Amino acid sequence: AQCFILDVQGKPANAPVVILAKQTLEDPTVSKIVHDCRADSDALWHLLGITLHNFHDTPVTFLLSSSAAGAGVGHGGDKECGK
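These figures come from a predicted structure and were not determined experimentally.

What counts, and at which threshold
By convention here, each chain's residues receive numbers from 1 onward along its written sequence. Reporting of local features is limited, given that this is a predicted model, to residues whose pLDDT is at least 70; pairs of side-chain atoms are given and counted only at 80 or more, and all residues count toward the totals for whole chains, interfaces and linings. The side-chain values count all of the structure's non-hydrogen atoms but skip hydrogen atoms and water molecules. Only protein atoms enter the calculation, which uses a 1 Å grid: trapped sets of points that fit a 1.4 Å probe without letting it out are cavities, open sets showing protein on both sides within 12 Å along at least five of seven lines are pockets, and any residue with an atom within 4 Å of a point is a lining residue. Grid points are joined across faces, edges and corners, and a volume is the space filled by probe spheres set on the points. A run of DSSP states H or I qualifies as a helix once it reaches four residues; a run of E qualifies as a strand once it reaches two. Both are numbered from the N-terminal end. Only Asp, Glu, Lys and Arg are considered charged, only Ala, Val, Leu, Ile, Met, Phe, Trp, Tyr, Cys and Pro nonpolar, and every remaining residue, Gly among them, polar. Put simply, buried Ala, Val, Leu, Ile, Met, Phe, Trp, Tyr and Cys residues joined by side-chain atoms within 4.5 Å make one nonpolar core. Burial status follows relative accessibility: with a 1.4 Å probe on protein chains alone, a residue under 20% of its type maximum counts as buried, one over 50% as exposed, and anything between as partly exposed. Arc definition: it is the arc formed by the directions from the helix axis to the C-beta atoms. A pairing counts as a salt bridge when a side-chain nitrogen of Lys or Arg comes within 4 Å of a carboxyl oxygen of Asp or Glu.

**Student:** So, the layout of surface pockets: which residues are in play, and what are the values?
**Tutor:** Roughly 850 Å³ of volume is contained in the largest pocket. Lining the largest pocket are 25 residues; nearest its centre among them are Phe 4, Leu 6, Leu 25, Val 34 and Leu 44. It is helix H2 (residues 38-48) that provides the largest number of residues to the lining of the largest pocket, a total of five residues. Residues that form the lining of the largest pocket fall into these classes: 17 nonpolar, five polar and three charged.

And the structure:
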């Protein structure tokens, strides 16, 4: 497993770090774990045209696994965050 921190704030969509972030965040073969991605997803989409794919949002996972009462661990989904 690898962990990345990418600072894209204030960067144009064609900046190398934004291109790397877009490729990684939109890659359905790469699992992403995020915490409460609503605001981040909204900003990434509106400012840079990035849509999250194959993510696991920790608050959603917690809620789903708690309410499932032993039915297994839920996940944020493999669809777009916030959609």
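**Student:** So what's going on with the nonpolar core? Which residues, and what values?
**Tutor:** In terms of nonpolar packing, the biggest core is built from 11 residues, these being Val 8, Ala 15, Val 18, Ala 21, Leu 25, Cys 37, Leu 44, Leu 48, Ile 50, Leu 52 and Phe 55. Among the elements that make up this core, the one with the highest residue count is helix H1 (residues 16-25) (three residues).

**Student:** Before we move on, could you go through unusual backbone geometry and cite the residues and values that matter?
**Tutor:** In the Ramachandran plot, Asp 36 falls in the positive-phi region, its phi being about 50° despite a non-glycine side chain. Position of Asp 36 relative to the elements: it lies in the loop between strand S1 (32-34) and H2. Backbone geometry at Asn 54 places phi at a positive 55°, although glycine is not the residue there. Tracing the backbone through its elements, the reader meets Asn 54 in the loop between H2 and strand S2 (55-57).

**Student:** I'd love a proper account of H2, names of residues and values included.
**Tutor:** Residues lying three or four places apart along an α-helix face the same way, a consequence of the helix completing one turn every 3.6 residues. Of the residues making up H2, those classed as buried are Ser 41, Leu 44 and Leu 48. Here the buried residues of H2 occupy an arc of 90° about the axis, which is enough to place them on one side. Seen from the buried face of H2, the exposed residues on the opposite side, beyond 90 degrees, are Arg 38, Ala 39, His 46 and Leu 47. Positioned one or two residues after H2, Gly 49 has a phi angle of 70°, which is positive.

**Student:** Which residues make up the pattern of salt bridges, and what values do they have?
**Tutor:** Within the structure shown, the criterion is met by two salt bridges. Notably, a salt bridge pairs Lys 22 with Glu 26, separated by 3.0 Å at the nearest N-O pair. Judged by its relative accessible area of 31%, Lys 22 falls in the partly exposed class. The residue Arg 38 makes a salt bridge to Asp 36 at a minimum N-O spacing of 2.8 Å.

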